[in-house]
Amino acid sequence: MPTAYITHPACRNHDTGPDHPENASRLFAIEDRFVESGLDSVLRYVDAPLVSEEQLLRVHPQGYIDAIRAAIPESGYARLDPDTVVCPKSLDAAYRAAGAAVAAVDLVMGGEMDSVFCGVRPPGHHAESTRSMGFCIFDNIAVGAAHALEVHGLKRVAVVDFDVHHGNGTEEIFENEDRVLFCSTFQHPFYPFTPLRENSSNRICVPLPATAKSDEFRAAITDHWLPALAAFEPELVFVSAGFDAHRDDDMSHVALTDGDFRWVSERIMEIANASAAGRVVSMLEGGYELNSLARCVDAHVRVLMDLHTSHA
Ligand SMILES: [Zn+2]
């Protein structure tokens, strides 16, 4: 099944300073892996466009966009919050990262691609409508989902988020949007320390203890996500694909394996195949241990393409 890889050189120029875990080597590791594994020869590489003001404004108010612009330094670094560092080139990267989501939606809804993986940074799922945080400036996936609703007229889209951190931004942005079902698993209690609430008709959040491994993770998906997703019948499935729950990634305590990320990707594809004609837009969120990140992204993309992995 044709799958695109959307990225842009600008996403490598978002310099977060020395020793920051969210850095350009993440994208280099993923792309090197695609070459080693041969995926580069079957993926369609697409340059991310700049997001338009109109597209951003569906998710973030003008005052917030203006404040981000004003916060970008002319030289050196600036901090939007204790974790979120920007450099003079970060605005271009953030506009490309959000633009990738929009382009991905247009590719799958136009029938050119079945699925898209966006290898972009800064990531997005912690960015609330009026607050940047947790390495995120704009909520890229929310910009994509809003585009799917407003421009393509979809009535039901799902956003599933298996990053080890709660996608507080996506949750906040779609809090009162019944056309979006948000499903999330995350270590709890843990950053960003969103208070737990009862699940609702458009929000399925499943906290995982710090000791969680494969069994708890898979049970969370099987028992909570999948019934809700099957009943919702999404017309398009978005994935906030974070790989920082991997046991080799010291950003969290949850200890998943390569096999777990492949497994959850397969379950997501089953949902997409059942009601969304296989349409998936997946966007990189976290994942900071470069080896496991690159392997798991490769495996995730192979599942989107219905390619079998040649290794365990
Ligand atoms: Zn994360």
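Cut-off values and rules
Residues numbered from 1 in each chain as written. Predicted model: local features only at pLDDT ≥ 70, side-chain atom pairs only at ≥ 80, totals over all residues. Heavy atoms only, no water. Helix = DSSP H or I, 4+ residues; strand = E, 2+ residues; numbered from the N terminus. Rg over C-alpha atoms; globule rule 2.2 N^0.38 Å. Buried < 20%, exposed > 50% of the residue type's maximum accessible area, 1.4 Å probe, protein only. Contact = heavy atoms within 4.5 Å. Areas by Shrake-Rupley, 256 points an atom, 1.4 Å probe, with all protein chains shown as cover. Lys, Arg positive; Asp, Glu negative; His and termini not counted. Charge placed at Lys NZ, Arg CZ, Asp CG, Glu CD. Pairing = 2+ DSSP bridges. Axes fitted to C-alpha atoms, helices over the stretch in contact; angles between N-to-C directions. Right-handed = clockwise from strand over helix to strand, strands pointing away. Core = buried A, V, L, I, M, F, W, Y, C linked by side-chain atoms within 4.5 Å. Parallel < 35°, antiparallel > 145°, perpendicular 65-115°, else oblique. Nonpolar A, V, L, I, M, F, W, Y, C, P; charged D, E, K, R; others polar. Salt bridge = Lys/Arg side-chain N within 4 Å of Asp/Glu carboxyl O. Donors = N, O, S within 2.8 Å, 3.2 Å for Na, K, Ca; no water. Tetrahedral: all angles 85-135°; square planar, octahedral: opposite > 155°, others 65-115°. Left-handed = near helix turned anticlockwise from the far one by under 90°.

Undergrad: What is the right way to read the overall build of the protein from this model?
TA: Helix and strand counts for the protein stand at nine helices and ten strands. Over its C-alpha trace the protein gives a radius of gyration of 17 Å, about what one expects of a compact globule, namely 20 Å for 312 residues. Judged by the C-alpha coordinates and their principal axes, the protein covers about 45 × 40 × 40 Å. Across the 312 residues in the protein, those meeting the buried criterion constitute 61%. When contacts within the protein are restricted to residue pairs at least 6 apart in sequence, long-range pairs at least 24 apart make up 73% of them. For the protein, the accessible surface area stands at approximately 11,700 Å², while carbon and sulfur atoms represent 51% of it. Measuring between centres, the 24 positive side-chain charges of the protein sit 2 Å from its 46 negative side-chain charges.

Undergrad: What is the right way to read the sheet that holds strand β1 (residues 3-7) from this model?
TA: Pairing in this open sheet of eight strands is parallel, and the strands run β2-β1-β5-β10-β9-β6-β7-β8 from one edge to the other. The open sheet has two edge strands with one neighbour each: β2 (44-47) and β8 (203-208). Here the strands of the sheet are splayed against their neighbours by 15 degrees on average, with no regard to which way each runs. Note: strand β6 (residues 157-161) against strand β7 (residues 180-187), five bridges, orientation parallel. Looking at β7, one finds that Val-159 is bridged to Phe-182. On top of the sheet, helix α8 (residues 258-275) reaches β6, β9 (236-241) and β10 (280-284); it is set at about 160 degrees to β9, its chief contact.

Undergrad: Can you help me understand the pairing of β6 in this one?
TA: When a strand is regular, its side chains alternate between the sheet's two faces. For β6, the tally of buried residues reaches five of five residues, placing the bulk of the element in the interior. Residue alternation in β6 divides its side chains into two sets, Val-157, Val-159 and Asp-161 and Ala-158 and Val-160, and both sets are buried. One crossover worth recording links β6 to the parallel β7 by way of helix α6 (residues 168-173), and it is right-handed. Bridge count for β6 against β9 is five bridges, and the pairing is parallel. Bridge pairing in β9 places Asp-161 opposite Ser-240.

Undergrad: What's the story with the nonpolar core in this structure? I'm lost.
TA: Nonpolar side chains in soluble globular proteins generally cluster together in the buried interior. Counting residues in each nonpolar core, the largest one holds 101 residues, and the members touching the most others are Phe-162, Trp-225 and Phe-238. Sorting elements by how many residues they give to this core places helix α4 (residues 90-109) first, with 13 residues. Not counting residues within four places of it along the chain, the set of residues in contact with Trp-225 comprises Val-160, Asp-161, Phe-162, Cys-183, Ser-184, Thr-185, Ile-204, Val-206, Ala-220 and Val-264.

Undergrad: Explain the packing of helix α7 (residues 214-232) against α8 here, please?
TA: The description of two packed helices rests on the angle between their axes and on the distance between the axes. Contact geometry of α7 with α8 gives a least axis separation of 11 Å together with a crossing angle of 10 degrees. The pairing of α7 with α8 is recorded here as roughly parallel in orientation. Mapping the contact onto sequence places Ser-214, Phe-217, Arg-218, Ile-221, Thr-222, Trp-225, Leu-226, Leu-229 and Ala-230 in α7 and Gly-259, Asp-260, Trp-263, Val-264, Arg-267 and Ile-271 in α8. Grouping the constituent residues of the contact of α7 with α8 by class yields nine nonpolar, three polar and three charged.

Undergrad: Looking at this structure, how should I read the pairing of β8?
TA: Taken across its six residues, β8 has five buried, putting it largely inside the fold. Where β7 meets β8, six bridges bridge the pair, whose relative direction is parallel. Within β8, the position partnered with Phe-182 by the bridge is Arg-203.

Undergrad: Help me understand the pattern of salt bridges in this model?
TA: Two side chains carrying opposite charge are able to pair once their charged atoms lie near each other. Evaluation of the coordinates by the stated rule reveals 20 salt bridges. Across the pair Arg-197 and Glu-175 runs a salt bridge, and its minimum N-O distance is 3.1 Å. Here Arg-197 is found in the loop between β7 and β8, whereas its partner Glu-175 is found in the loop between α6 and β7, with 22 residues between them in sequence. Look at the salt bridges and you will find they share partners, linking Glu-171, Glu-175, Arg-197 and Arg-203 into a network.

Undergrad: Any chance you could explain the coordination of the zinc ion here in plain terms?
TA: Metal coordination angles in their ideal form are 109.5 degrees for the four-donor tetrahedron and 90 or 180 degrees for the six-donor octahedron. The protein atoms that coordinate the zinc ion are Asp-163 (OD), Asp-163 (OD), His-165 (ND1) and Asp-244 (OD), at distances spanning 2.0 to 2.7 Å. Viewed at the metal, the four donor atoms of the zinc ion are separated by angles of 52 to 153 degrees, and the geometry they form is irregular. Each donor residue of the zinc ion lies on one chain, and together they are spaced D-x1-H-x78-D. Here Asp-163 falls in the buried class, since its relative accessible area comes to 1%.

Undergrad: What exactly am I supposed to notice about helix α5 (residues 140-150) here?
TA: Within α5, ten of the eleven residues are buried, which leaves the element mostly enclosed by the surrounding structure. Within α5 the residues assigned to the buried category are Asn-140, Ile-141, Ala-142, Val-143, Gly-144, Ala-145, Ala-146, His-147, Ala-148 and Leu-149.

Undergrad: Can you walk me through the packing of helix α1 (residues 25-37) against helix α9 (residues 290-304) in this structure?
TA: For the pair α1 and α9, interaxial distance at closest approach is 9 Å and the crossing angle is 55 degrees. With respect to α9, the element α1 is oriented oblique. Considering the relative orientation of α1 and α9, their crossing is right-handed. Taking contact as the criterion, the partners of Ser-25, Arg-26, Ala-29, Ile-30, Arg-33, Phe-34 and Ser-37 in α1 are, on α9, Leu-290, Leu-293, Ala-294, Arg-295, Val-297, Asp-298, Val-301 and Arg-302.

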